[in-house]
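One-letter residues, chain by chain:
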Amino acid sequence: MKIAVDAMGGDYAPEEVVLGAIEAVKAYKYDVVLVGDEKKIRKVMADHGAEESERLTIVHAAEVIEMDEHPAQAIRKKKDASIVVATRLVKEGVCDAVVAPGSTGAAVTAALLGLGRIKGIERPCIATPIPSKKGVSVLLDSGANSDSKPKHLVQAAIMGTHYAKYIFNIESPKIGLLNIGAEASKGNELSQTTYPMLEATKTISFYGNIEGRDITEGIVDVVVCDGFVGNVILKFGEGIALFIMQLVKDSIRKGGILAKLGAMAVMPAFKHLKKRLDFTEYGGAPLLGVDGSFIICHGSSKAKTIRHAVRVAGELVEEDVVGHIRSSIEEEGQEDESEA
């Protein structure tokens, strides 16, 4: 299996991206195709003693889409951009999946134009794993669509079900609709209209409404909301995790010798806590609903994130998550009513 990695995407490209790819081929069975400026990529490979690796290959792409560029305009204008070429490799069957650090907008646009949507899916969405008391919950949409219709949330629930089942080994994932109260009558028009539609969906296990505080409780395995709300939750969660860890560090530093000794005693617990709160462990988030396996990574991704993203991309292909989503959409008999 070959995973195409946009080596020029993100704040630390190509150094950290290439380093992550080097680590990935050592840790996992998947080969990596690095897409981008060949000269720069080769230099990083040489610096890390990987220039002779048979499991790392390069496909040159002369252009890069910057973080501040308009995604749709840049994708159409820059036909030789690294993310465009990486997506094309999957479309042409050269590679099996894409890992895309950098601009989320550019990645989503490249996937939609380059791979297309699964038949029946109107709006692909980003599924983000979030730590919970019971392990992990999947939040979607976490940023692909700011405005959603009830049907989009139903399709998100179907896609999230298969992601949770086949990637996190949850036999029958419970679906929760994010709302401001548990009662079916609560919420805005979107929530109230979506609730009975989720109840009637045959291929999911619908729990009901959940509130924001329930996400980390692990009451449900998949949390469904529109992309605007989901992205706010995701960014707030990242911020609060870093804030808590910093508060702990500051308290220890200011607490004197006894606090420092106590910290040394509980250091293993702190390391475990940090690992559970570390979003890089999950390796990015899949863009579900496009007709191919596509992983989007944070713009600030470093080598560790890229390494795990390659793993998740390979698992998506091995478990045929796209195929399972396609089958469920067909079973539900949903028609594609979206605009071209």
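From a predicted model like this one, the values you see are computed outputs, not experimental measurements.

Participant: How do you make sense of the overall build of the chain when you look at a structure like this?
Facilitator: Check the secondary structure of the chain and you find 12 helices and 12 strands. By the compact-globule yardstick of 20 Å for 340 residues, the chain fits well, its C-alpha radius of gyration being 21 Å. Based on the C-alpha atoms only, the size of the chain along its principal axes is roughly 65 × 60 × 35 Å. A sequence separation of at least 24 residues applies to 73% of the contacts in the chain between residues at least 6 apart. Of the roughly 16100 Å² of accessible surface on the chain, 54% is carried by carbon and sulfur atoms.

Participant: Can you help me understand the environment of Ile130 in this one?
Facilitator: Tracing the backbone through its elements, the reader meets Ile130 in strand 6 (residues 128–132). Between the alpha carbons of Ile130 and Ser205 there is a distance of 19 Å; along the sequence they are 75 residues apart.

Participant: Which parts of the structure should I look at to understand the domain arrangement of the chain?
Facilitator: It is common to give the size of an interface as the accessible area lost on bringing the parts into contact. Once the domains are mapped, the chain shows domain 1 (1–121 + 289–321) and domain 2 (125–282). On the side of domain 2, 12 residues touch domain 1, which itself brings 15 residues to the contact. Carbon and sulfur atoms make up 62% of the area that domain 1 and domain 2 hide from each other, which totals about 1300 Å². At the junction of domain 1 with domain 2, the criterion picks out 0 salt bridges. For the pair domain 1 and domain 2, the interface holds 1 residue pair in polar contact (both at pLDDT 80 or more). Ranked by residue count, the leading element in the side of domain 1 that touches domain 2 is helix 11 (residues 303–318), at 7 residues. For the side of domain 1 that touches domain 2, a count of residues per class yields 5 nonpolar, 6 polar and 4 charged.

Participant: I'm lost on the side chain of Asn209 in this one. Help?
Facilitator: Inspection of the secondary structure puts Asn209 in strand 9 (residues 205–210). Separated by 3.5 Å, the side chains of Asn209 and Asn179 make a polar contact. Within the structure, Asn209 has its side chain in polar contact with the backbone oxygen of Glu183 (distance 2.8 Å). Apart from the residues lying within four places of it in its own chain, the contact partners of Asn209 are Leu177, Asn179, Gly181, Ala182, Glu183, Ala184 and Tyr195.

Participant: Would you explain the pairing of strand 1 (residues 2–6) in this entry?
Facilitator: The side chains of a regular strand alternate, residue by residue, between the two faces of the sheet. Where burial is concerned, most of strand 1 is hidden: 4 out of the 5 residues are buried. In terms of strand pairing, strand 1 meets strand 4 (residues 97–101) through 3 bridges, oriented parallel. Within strand 4, the position partnered with Ile3 by the bridge is Ala97.

Participant: Would you mind showing me how to read unusual backbone geometry here?
Facilitator: Of all residues except glycine, most have a negative phi; of all peptide bonds, most are trans. For the peptide bond that leads from Ala13 to Pro14, omega is -5 degrees, which places it in the cis range. The residue Pro14 is located in the loop between strand 1 and helix 1 (15–27) in this model. With an omega dihedral of 10 degrees, the bond running from Leu140 to Asp141 counts as a cis peptide bond. Looking at the element boundaries, Asp141 is found in the loop between strand 7 (135–140) and helix 6 (150–167). A positive phi angle is found at Asn169, which is not glycine, with a value near 55 degrees. The backbone of Asp320 sits at a positive phi, close to 50 degrees, despite the residue not being glycine.

Participant: Please clarify how the packing of aromatic side chains should be interpreted in this entry.
Facilitator: We describe a pair of aromatic rings using the distance from one ring centre to the other and the angle between the two ring planes. Taken as a whole and judged by the stated rule, the model has 2 aromatic pairs. Ring centres 5.4 Å apart and planes at 80 degrees place the aromatic pair Tyr163 and Phe168 in the edge-to-face group. Ring centres of Tyr195 and Phe206 lie 5.1 Å apart, and the angle between their planes is 75 degrees; this geometry places the pair in the edge-to-face category. You can see Tyr195 sitting in helix 7 (residues 189–199) and its partner Phe206 sitting in strand 9, a full 11 residues away along the chain. In this pair, the class of Tyr195 matches that of Phe206, namely buried. In this arrangement the basic side chain of Lys302 is found over the ring face of Tyr12, its NZ or CZ atom lying 4.8 Å from the centre.

Participant: What am I meant to see in the sheet that holds strand 10 (residues 222–224) here?
Facilitator: The strands that make up a sheet are held in pairs by hydrogen bonds between backbone atoms, and each pair lies either parallel or antiparallel. Pairing within the open sheet is mixed, and its 5 strands lie in the order 6-7-10-8-9. The two strands at the open ends of the sheet, each matched to only one other strand, are strand 6 and strand 9. Within the sheet, the average angular offset between the axes of one strand and its neighbour, ignoring direction, is 30 degrees. Against the sheet, helix 6 engages strand 6, strand 7, strand 8 (174–178) and strand 10, with an angle of about 165 degrees to strand 10.

Participant: Sorry, what's going on with a nonpolar patch on the surface here?
Facilitator: A cluster of nonpolar side chains, Phe236, Ile240, Phe243, Ile244 and Leu247, forms an exposed patch at the surface whose accessible area comes to about 480 Å². Look at Phe236 and you get exposed, because its relative accessible area is 58%.

Participant: Whenever I open this one, the sheet that holds strand 5 (residues 125–126) confuses me. Can you help?
Facilitator: Pairing is mixed across the open sheet formed by 7 strands, whose spatial order is 3-2-1-4-12-11-5. Lying at the two open borders of the sheet, with one neighbouring strand each, are strand 3 (56–60) and strand 5. Two elements, strand 4 and strand 12 (residues 293–297), share 5 bridges in a ladder whose sense is parallel. Considered in strand 12, the bridge of Val98 is made with Phe294. Where helix 1 meets the sheet, it contacts strand 1, strand 2 (31–36), strand 3 and strand 4, and its direction lies at approximately 165 degrees from that of strand 2. Lying over the sheet, helix 2 (residues 38–47) contacts strand 2 and strand 3, oriented at roughly 160 degrees with respect to strand 3.

Cut-offs applied
- Residues numbered from 1 in each chain as written.
- Predicted model: local features only at pLDDT ≥ 70, side-chain atom pairs only at ≥ 80, totals over all residues.
- Heavy atoms only, no water.
- Helix = DSSP H or I, 4+ residues; strand = E, 2+ residues; numbered from the N terminus.
- Rg over C-alpha atoms; globule rule 2.2 N^0.38 Å.
- Contact = heavy atoms within 4.5 Å.
- Areas by Shrake-Rupley, 256 points an atom, 1.4 Å probe, with all protein chains shown as cover.
- Domains from an automatic or database assignment.
- Buried area = accessible area lost by both parts, 1.4 Å probe.
- Salt bridge = Lys/Arg side-chain N within 4 Å of Asp/Glu carboxyl O.
- Polar contact = N/O pair within 3.5 Å; in protein donor to acceptor, adjacent residues only side chain to side chain.
- Nonpolar A, V, L, I, M, F, W, Y, C, P; charged D, E, K, R; others polar.
- Buried < 20%, exposed > 50% of the residue type's maximum accessible area, 1.4 Å probe, protein only.
- Pairing = 2+ DSSP bridges.
- Phe/Tyr/Trp six-rings, centres within 6.5 Å; stacked < 30°, edge-to-face > 60°.
- Lys NZ or Arg CZ within 6 Å of the ring centre and 35° of its normal.
- Axes fitted to C-alpha atoms, helices over the stretch in contact; angles between N-to-C directions.
- Patch = residues over 30% accessible without salt bridge, like charges linked within 9 Å, V, L, I, M, F, W, Y side chains within 5 Å.

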